[in-house]
Structures are given as structure tokens and as C-alpha cells.
Amino acid sequence: IILLLFNVDNSEAAFICRLMVLFVYFLLVYRIIPEKFLTMAEEHKFLAQVQSFESIFFILISIAGLLIKPHELIVVGAMILTKFIGTVFFVIPHLIKRTGMSVRYFVLYSLFEPALLALSTGLLALFLQFGLSKLVAKGCTVVVTMAVGFVVNRLWVFRPQNRTE
């Protein structure tokens with residue numbers, strides 16, 4: 001995407017962008033939305049404890065980064081890992097326990113559906129790697145994404161059990 005938008009062709013910049021996109025998606029779906037729900041469910045104390053422990057680890061990672069002077073990606077990765085551990089081992093299990101939803105349901109609707117939305121970006125990258133021009137690649141991406149979206153909406157979203165009267 002940075003190649004198309006900003007004409008930047010750098011593998012390290014592309015890696016950092018991919019990492020940040022995954023982190024922002026992860027943060028939104030698995031952290032911000034569950035935190036909003038748990039806040040509405042009056043779980044302030046639990047969330048404050050998780051965030052306090054994460055803050056302590058962020059401070060320790062920052063101090064270690066100043067003393068050891070590792071590569072910046074190692075520090076960023078350690079902070080992302082801290083947030084990941086706090087979310088996967090504390091926030092998500094508490095959300096699932098509090099709501100009573102199944103893990104399968106949560107994973108299906110938080111991973112599978114958004115993966116379908118990410119299909120267009122993946123297709124665009126794939127078409128560009130096949131050597132298609134940018135305009136043709138964008139056109140093919142739009143057509144394929146619309147076709148897949150139509151099929152998925154018909155088979156999944158507009159099922160009789162999902163319809164409201």
C-alpha cells in the first residue's frame with residue numbers, strides 16, 4: 001500500500017507498516033472494543049489492574065531500551081508483545097467469561113469476517129506481483145472483491161437466522 005500511495009519501495013518500511021496495521025487491528029478488535037464493553041459492565045477495577053501492569057512493563061522496557069540500546073524494532077516488538085499478553089491472557093478470557101459467548105463464536109466473528117474485508121488489499125498486492133498495471137490491478141481487485149462480497153453476504157450475512165423482522 002505504501003508503494004501505491006507514497007511510491008516508497010523499502011522492505012523495512014513495508015515491514016513496519018505491516019506490523020503497525022496488524023497491531024492497530026489487533027488493538028481495536030481485541031482490546032478497545034472489549035474494554036468498552038467491560039467498562040460498561042462495570043469492570044473498571046479489573047481493567048485498571050491490567051493497564052497498570054502493562055504500564056509497569058512499558059516503563060521497564062523503556063529503561064532497558066535506554067540502557068541496552070537494541071534495535072528499535074526489538075523495543076517496539078516488546079511493547080506489542082506486552083499488550084498482546086495482557087489482551088490474550090487477561091482481557092479476552094474475562095470478556096468471554098463475562099458475556100458467556102463461546103470462543104468459537106468470538107474467533108469466527110472477530111477473525112473470519114475481517115479477513116474477508118482484507119481480501120481486497122491482498123488481491124491488489126497479488127495482481128501487482130503478477131505484473132499487471134496499477135489500473136488493471138485495481139479494476140480486477142474491485143471486481144473480485146465485489147463478487148466474493150456478494151457471495152459471502154448471500155451465504156452468511158443474509159441467512160434466515162440472521163434476519164430481523
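Structure shown above.
Residues numbered from 1 in each chain as written. Predicted model: local features only at pLDDT ≥ 70, side-chain atom pairs only at ≥ 80, totals over all residues. Heavy atoms only, no water.

A. Region of interest: the overall build of the protein. Scanning the protein from terminus to terminus reveals seven helices and zero strands. Mapped in sequence order, the helices and strands of the protein form the string α-α-α-α-α-α-α. The buried share of the protein, reckoned over its 165 residues, is 22%. Within the protein, residue pairs in contact and separated by at least 24 positions form 61% of the contacts whose partners lie at least 6 positions apart. Accessible surface, the protein: about 11,900 Å² in total, of which carbon and sulfur atoms supply 72%. (Helix = DSSP H or I, 4+ residues; strand = E, 2+ residues; numbered from the N terminus. Buried < 20%, exposed > 50% of the residue type's maximum accessible area, 1.4 Å probe, protein only. Contact = heavy atoms within 4.5 Å. Areas by Shrake-Rupley, 256 points an atom, 1.4 Å probe, with all protein chains shown as cover.)

B. View of the nonpolar core. Core analysis: the biggest nonpolar cluster contains 12 residues, these being Phe26, Val29, Tyr30, Leu38, Phe46, Leu47, Val50, Val91, Ile92, Leu95, Ile96 and Phe106. Elements supplying a minimum of two residues to this core: α2 (11-40), α3 (44-68) and α4 (72-99). (Core = buried A, V, L, I, M, F, W, Y, C linked by side-chain atoms within 4.5 Å.)

C. Representation of α3 in the model. Across its 25 residues, α3 extends 36 Å between first and last C-alpha, which sits within 8% of the 36 Å expected from 1.5 Å per residue. Inspection of α3 places Phe46, Leu47, Val50, Glu54, Ile61 and Gly65 among the buried residues, and these make up the whole buried set. As for α3, its buried residues are in contact with α2 and α4. Residue Lys69 follows α3 closely and has a positive phi angle near 60°. (Expected span 1.5 Å × (residues − 1).)

D. Main features of α2. Across its 30 residues, α2 extends 42 Å between first and last C-alpha, which sits within 8% of the 44 Å expected from 1.5 Å per residue. A bend of about 35° at Leu28 is the largest found in α2. Three or more residues of α2 are buried, namely Ala14, Phe23, Phe26, Val29, Tyr30, Arg31, Pro34, Glu35 and Leu38. Positive backbone phi, at 60°, marks Glu42, one or two positions downstream of α2. (Bend = angle between axes of the 7 residues up to and from the residue.)

E. Region of interest: the pattern of salt bridges. Applying the stated criterion to the full structure yields four salt bridges. For Glu54, the salt bridge identified is with Arg31, shortest N-O distance 2.7 Å. Here the residue Glu54 occupies a position in helix α3, and Arg31 occupies one in helix α2, the gap between them amounting to 23 residues. Using a relative accessible area of 1% as the deciding quantity, one classes Arg31 as buried. A network of salt bridges, in which partner residues are shared, links Arg31, Glu35, Glu54 and Lys83. (Salt bridge = Lys/Arg side-chain N within 4 Å of Asp/Glu carboxyl O.)

F. Representation of unusual backbone geometry within the structure. Positive phi, close to 60°, is recorded for Glu42, a residue that is not glycine. According to the relative accessible area criterion, Glu42 is exposed, its value standing at 66%. You will see that Lys69, though not glycine, has its phi angle at about 60°, which is positive. For Lys69, the location among the structural elements is in the loop between α3 and α4. Residue Lys69 is classed as exposed on the basis of its relative accessible area, which comes to 64%.

G. Expanded view of the environment of Ser62. Turning to its location among the elements, Ser62 is positioned in helix α3. Overall, the relative accessible area of 33% leaves Ser62 in the partly exposed class.

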